[in-house]
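One letter stands for each residue in the lines below.
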Amino acid sequence: MSISETSPRERARPLPPDDRREAILWAALPLIKEHGRNVSTRQIAEAAGIAEGTLFRAFGDKDSLIQAAVERFFDPVPLIAALRSIDPDLPLEQKLSDVLVHLRARFTGMVTMMTALGMSARPPVSVELTEQWMNALRDLLAPHEAELTVPPETVAYYLRLLAFASSFSQFNVAFEFATDQLASLVAHGVTRSECAA
């Protein structure tokens, strides 16, 4: 086979530096969740479709890349955007279920990432971002205030508590909670309506 008949490895398209870093981070995240700090820069470069040299030019070293990936992964802004994307016209129980879907995915990913990296605590979140999370849920639940026996803020914390607890698979052995079951628990409790009166 002649040189002209071989196809050279396709080079990554030129991207602005910030876009290149972002692409590398998203390629690295699944590998970090799987391998933790044992992930190799070669694995990350291959997943991103770039040469290792490009990776080092973007981040300097593996530790810096992992730190940037962790910061990206724990950034709550995408979760806030997902909560704000829930249809405000849905019935209450469907809203609760949709919120739980997003929160459970978030917490399950956090537990996986923290376990893979041997982290004992998540990176700190600013008070402002915590307020944005609460405001998103408050806005979503506000139209149902007359249906609620507690303030929307309390419902938000119930949802967060259930989502967090159900993200630990070892705590849910023998009974795996479905999201709609958890939504029903928040919406109706465990007593019949005629008994609660």
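Residues numbered from 1 in each chain as written. Predicted model: local features only at pLDDT ≥ 70, side-chain atom pairs only at ≥ 80, totals over all residues. Heavy atoms only, no water.

### Details of helix α4 (residues 62-74)
In an α-helix, one turn spans 3.6 residues; hence positions three or four apart end up facing the same way.
Alright, step 1. The end-to-end C-alpha separation of α4 is 18 Å, in line with the 18 Å expected for 13 residues at 1.5 Å each.
Alright, step 2. Those residues of α4 that fall on the buried side of the exposure criterion are Leu65, Ile66, Ala68, Ala69, Val70, Phe73 and Phe74.
Alright, step 3. Of the surrounding secondary structure, the elements contacted by the buried residues of α4 are α1 (17-35), α2 (41-48), α3 (52-59) and α6 (92-117).
Alright, step 4. The backbone nitrogen of aspartate 63 lies 3.3 Å from a side-chain oxygen of the residue at the head of α4, namely aspartate 61. (Helix = DSSP H or I, 4+ residues; strand = E, 2+ residues; numbered from the N terminus. Expected span 1.5 Å × (residues − 1). Buried < 20%, exposed > 50% of the residue type's maximum accessible area, 1.4 Å probe, protein only. Contact = heavy atoms within 4.5 Å. Polar contact = N/O pair within 3.5 Å; in protein donor to acceptor, adjacent residues only side chain to side chain.)

### Describing the packing of helix α5 (residues 77-84) against α6
Alright, step 1. Two elements in contact, α5 and α6, have axes whose closest approach is 9 Å; the angle formed by their N-to-C orientations is 165 degrees. Accordingly, the angle class assigned to the pair α5 and α6 is roughly antiparallel. In terms of crossing hand, the pair formed by α5 and α6 is right-handed. Every residue of α6 that contacts α5 at Leu79, Ala82 and Leu83 is listed here: Val99, His102, Leu103 and Arg106.
Alright, step 2. Classifying every residue of the contact of α5 with α6 gives 5 nonpolar, 1 polar and 1 charged. (Axes fitted to C-alpha atoms, helices over the stretch in contact; angles between N-to-C directions. Parallel < 35°, antiparallel > 145°, perpendicular 65-115°, else oblique. Left-handed = near helix turned anticlockwise from the far one by under 90°. Nonpolar A, V, L, I, M, F, W, Y, C, P; charged D, E, K, R; others polar.)

### Section: the nonpolar core
Alright, step 1. Ranked by internal contacts, the top residues of the largest apolar core, which has 49 residues, are Ile32 and Trp133.
Alright, step 2. Here this core gets 10 residues from one element, more than from any other, and that element is α6.
Alright, step 3. Not counting residues up to four positions away in its chain, the partners in contact with isoleucine 32 are Val39, Leu65, Ile66, Ala69, Met113, Ala116 and Leu117. (Core = buried A, V, L, I, M, F, W, Y, C linked by side-chain atoms within 4.5 Å.)

Taken by themselves, the reported measurements are silent on function.
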